[in-house]
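Residue-level listing of the chains:
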Amino acid sequence: MSSLHPSLPIDPSSDNETKHRSKSVVTVLDIEASTLEMKTLRAPRRDGSVETHQTEEGICLTWKDVWVMTTSNRKDGSKSILQGLTGYAKPGQLLAIMGPSGCGKSTLLDTLAGRLGSNTRQTGEILINGHKQALAYGTSAYVTQDDTLLTTLTVKEGVHYSAQLQLPDSMSKAEKKERADFTIREMGLQDAINTRIGGWGVKGISGGQKRRVSICIEILTRPTLLFLDEPTSGLDSAASYYVMKRIATLGQKDGILRTIITSIHQPSTEVFQLFHNLCLLSSGRTVYFGPASTACEFFASNGFPCPTLQNPSDHLLKTINKDFDQDIEVGLAGAGTIPAEEAIRILVSSYKSSEWNQEVHNEVTLMSAKKDSSSVDKKRRHASFLTQCSVLLRRSSVNMFRDIGYYWLRLVIYVALAISLGTVFYDLGTSNDSIKDRGSLLSFVVGFLTFMSIGGFPSFVEDMKVFKRERQNGHYGVIAFVIGNTFSAIPYLLLVTVISGAIAYYLPGLQREWERILYFFCVLFSSMMLVESLMMIVASIVPNYLMGIITGAGIQGMMILVAGFFKLPNNLPKPFWRYPIHYIAFHRYAFQGLFKNEYEGLRFTTNDDEGGSHKYISGEEVLRNTWQTNMSYSKWVDVAVLLGMIVFYRILFFIIIKTTEKVKPIVGSLSCMSVSPKQTIQVVENPNATPIHGEV
C-alpha cells in the first residue's frame with residue numbers, strides 16, 4: 001500500500017507487514033463474530049441461585065453508499081452531511097464511530113437507527129441480516145446523548161417502572177423485579193439504587209451514573225442491536241472507561257450476542273482498546289473503516305505514524321481535524337508539515353484504494369447475501385395496555401408529588417391569590433355596586449386564577465421529553481400516556497380547587513347553598529384542567545418551554561378578551577371575534593355558568609334618584625340586561641360543555657402526536673424523491689428504524 005504523498009517514502013517491507021497483520025486481525029475478528037452458536041451463560045442472583053441465559057442469534061447490520069443531505073430551498077441547493085459511506089456491524093462486536101465535531105457521527109448513528117429528521121434526505125442501502133425491514137419490538141434500543149430521565153425518581157424506581165412498562169405480562173412482578181435488579185447490578189449501580197436521579201436544582205447521582213441508568217432502561221428487553229450516541233460525553237476518563245467497559249461486556253453477563261454501535265468523541269487509550277471495529281469520519285467522508293487495532297498502522301502507512309506513548313485516538317483525531325487550519329506533521333522525525341486538508345485528502349484517497357476498503361465491501365456483500373430473518377422477525381411482547389396505564393399513572397403521581405414546581409408551588413400561589421380576592425371583595429352584600437363587583441370577582445377567578453395553571457408547563461415539558469424518548473423506543477403508546485397523565489393530575493387539581501376555591505368563595509360572601517358551592521368548584525376545576533389540556537397541545541407543537549409559555553399565554557389572553565366580560569357578547573365584532581372565537585373560548589362557558597350560578601335567586605337594591613326610595617332588581621334581569629347571558633339553557637349545560645372540551649383537547653393532543661409520527665416519514669420520503677441522480681443509487685426507507693410497533 002503506497003503513500004499518495006510523493007515526498008514520504010515508505011518501507012515496502014513494513015507495508016507488507018502491515019497488510020499481513022491487518023488481514024490476520026480481521027480474520028480473527030471475523031471468526032469470533034461469525035460464531036453464532038447457542039451458548040449458555042450463568043449469572044448469579046442476589047439470593048444465591050443461578051439465572052441461566054442462552055445467547056440469541058445476533059443481528060448483522062450493513063450499509064452501502066449511504067448519503068445524507070439537508071433539504072434546502074436556497075439556490076445553492078442542499079448540503080451533504082454523509083457522503084457515500086459503506087460499512088457493517090457484527091454480532092458480539094463493538095463498532096465505534098469517531099471523528100472531529102461536525103463530521104457526521106451522530107448523523108450516521110441516527111441514519112442507521114432510523115431517526116433522521118424530516119429536514120434531511122437519505123439515499124443508499126441499509127440491510128438487517130440481508131433484509132430491508134424494520135426490527136420487531138425489543139430487538140433494538142437507542143441511548144441518546146442527553147440523559148432524559150424523570151429526575152424525581154430514584155435509580156431503583158426509574159428502572160423498575162420501565163421494566164413494568166416494557167416487559168410482557170407473561171412475566172410475573174417478581175420476574176420483572178429480578179430482571180430490573182440484575183440489569184442495575186450489570187451496570188454497577190447497586191450502591192446508588194436508592195438515590196434520586198436528580199437534575200436542575202436537585203442533587204442526585206453523577207453524570208456517569210445517569211448515563212448508566214439510561215443504558216439500564218434500554219437493555220431491559222435484552223435487545224440484540226444497541227445504538228449509543230456519545231455515551232461518554234461529559235464524563236471523566238475513569239467514568240468513561242467504566243461505562244464503556246460495562247457496555248462492551250454486556251454479552252458476557254446476559255448471554256446476548258449483541259451488536260453495539262456507538263458514536264464517541266475522544267476516547268482514552270483504555271476505552272479505545274475496547275473497540276472491535278472503528279469507523280473514522282471527517283466532513284462526512286470515510287477516512288478509515290476496519291479493526292480499531294490497525295487504524296494506527298493505516299495512518300503510519302500513509303506517513304502519519306502515531307508517536308510513542310500517545311493516545312491513538314488523540315493522534316487520529318488531531319490528524320483529521322481541519323477546524324483550526326493547523327499543519328500536520330509527517331513522519332516520525334517530523335520531516336515536514338502539510339495542511340490538515342491535504343492530510344485528510346491523502347487518507348481518504350488512500351483508504352478508497354486500500355485493501356481495508358476492499359475487505360469492507362467484500363464483507364458487506366457477503367453479509368447482505370445471507371438472508372437470515374429469525375432474530376429480526378422474533379417480535380417480543382409488550383406489557384398490556386391496562387398495565388401500561390396503571391404503571392404510568394403511578395409513576396406520574398410520584399413525579400407530581402415530588403416535583404415542587406408541578407403543583408405545590410402553584411398551590412401556594414393560588415392560596416395567596418384567593419386570599420387577595422377574598423379581602424379585596426370581602427362581604428359584597430346585595431347593593432347596586434355589588435352587581436359589578438360580583439362580575440369582576442367571578443371573571444378574575446375564571447380568567448386569571450386559572451391562567452396560573454401555565455406555571456406547571458416547564459415540568460410538563462420535561463415529562464414530554466421522557467415520553468418522546470420512550471415513545472421512540474416503543475415502550476408504550478400515546479393513549480396510555482394521556483390516560484396516565486390525566487388521571488394522575490386529577491387529585492392535585494382537586495386539592496388546589498377545594499383549598500383556593502373555598503377561600504375565594506367564602507370571604508366575599510357568595511351564595512352559601514351547597515349546590516352552588518359544588519357548581520363553583522366544578523367550573524374552577526374544569527377550567528384549570530382545560531388550561532392544562534391546552535398547554536399539553538402547545539407542548540406537542542412548541543417543545544421549548546419559554547416559547548410554549550408565551551404561546552399559551554397569548555392564546556389564553558385572546559380567549560379571555562372575547563369571553564364576554566371586557567366586551568359584552570352582542571357588542572363583539574361578528575367576523576372572527578364573535579364567530580367563531582367567542583364560541584371556541586372556554587372562558588365564555590365558565591363566565592356564563594358562574595354568572596348564572598351566582599346571580600340567579602338574588603335581589604339587588606337600586607337607588608331611586610327622584611324619591612330617594614329603594615327599588616329592587618332581580619339577578620335574572622342582571623344576567624339578561626347587564627351581562628347579556630344566554631338564559632335559554634341551564635347552567636349545568638355550561639359545565640357539560642367544559643367537560644366535553646377537556647375530552648376534545650386531550651383527543652386533539654393525541655391526534656397531533658400521531659399525525660406528527662405519520663407525517664414526518666412522508667415528508668422525508670418526498671424529500672428523498674427530489675435528490676439529484678448523480679448522488680443516488682437507491683432510495684430506501686430506513687429498514688432498521690426503531691419502530692413504533694403499532695402502539696397507540
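Criteria and thresholds
- Residues numbered from 1 in each chain as written.
- Predicted model: local features only at pLDDT ≥ 70, side-chain atom pairs only at ≥ 80, totals over all residues.
- Heavy atoms only, no water.
- Salt bridge = Lys/Arg side-chain N within 4 Å of Asp/Glu carboxyl O.
- Helix = DSSP H or I, 4+ residues; strand = E, 2+ residues; numbered from the N terminus.
- Buried < 20%, exposed > 50% of the residue type's maximum accessible area, 1.4 Å probe, protein only.
- 1 Å grid on protein atoms, 1.4 Å probe; cavity = no way out; pocket = protein on both sides within 12 Å on 5 of 7 lines; lining within 4 Å.
- Points joined across faces, edges and corners; volume = space filled by probe spheres on them.
- Core = buried A, V, L, I, M, F, W, Y, C linked by side-chain atoms within 4.5 Å.
- Contact = heavy atoms within 4.5 Å.
- Pairing = 2+ DSSP bridges.
- Axes fitted to C-alpha atoms, helices over the stretch in contact; angles between N-to-C directions.
- Expected span 1.5 Å × (residues − 1).

## Quick notes on the pattern of salt bridges
- Per the counting criterion, the structure on display carries 20 salt bridges.
- A salt bridge links Glu-661 to Lys-658, with the shortest nitrogen-to-oxygen separation between them at 3.8 Å. A residue pair is termed a helical-turn pair when its members lie 3 or 4 positions apart in one helix, as Glu-661 and Lys-658 do in helix 24 (residues 635-672) at 3 residues.
- Using a relative accessible area of 21% as the deciding quantity, one classes Glu-661 as partly exposed.

## Brief notes about the layout of surface pockets
- Roughly 950 Å³ of volume is contained in the second largest pocket.
- Forming the walls of the second largest pocket are 33 residues, and the residues nearest its centre are Thr-151, Trp-200, Asp-403, Ser-459 and Glu-462.
- When residues of the lining of the second largest pocket are traced back to their parent elements, those giving at least two are helix 14 (385-402), helix 15 (404-424) and helix 17 (457-472).

## Side note on the nonpolar core
- Within the largest apolar cluster, 88 residues are counted, with the highest numbers of intra-cluster contacts made by Trp-63, Ile-261 and Phe-275.
- A total of 6 residues in this core trace back to one element, the largest contributor, which is helix 11 (residues 340-352).
- Sequence-distant contacts of Phe-275, that is, excluding residues within four places in its chain, are made with Leu-94, Ala-96, Met-98, Met-244, Ile-264, Pro-267 and Ala-292.
- Membership of the second largest hydrophobic core comes to 84 residues, among which are Val-461, Met-464, Leu-530 and Phe-653.

## Section: the sheet that holds strand 6 (residues 120-128)
- In spatial order, the strands read 4-3-6; together these 3 strands make up an open sheet with antiparallel pairing. Two strands lie at the open edges of the sheet, namely strand 4 (79-89) and strand 6, each paired on one side alone. Taken over all neighbouring pairs, the strand axes of this sheet differ in orientation by 5° on average, direction set aside.
- Bridge analysis of strand 3 (residues 61-70) against strand 6 gives 8 bridges, and the strand direction is antiparallel. Bridge pairing links Lys-64 to Glu-125 in strand 6.
- Packed onto the sheet, helix 2 (residues 105-113) meets strand 3, strand 4 and strand 6 and runs at close to 120° relative to strand 3.
- On top of the sheet, helix 12 (residues 355-369) reaches strand 3, strand 4 and strand 6; it is set at about 70° to strand 4, its chief contact.

## Topic: helix 17
- The terminal C-alpha atoms of helix 17 lie 22 Å apart, and with 16 residues this matches the ideal 22 Å at 1.5 Å per residue to within 8%.
- Regarding helix 17, the residues found buried are Phe-457, Ser-459, Phe-460, Val-461, Asp-463, Met-464, Val-466, Phe-467, Arg-469, Glu-470 and Arg-471.

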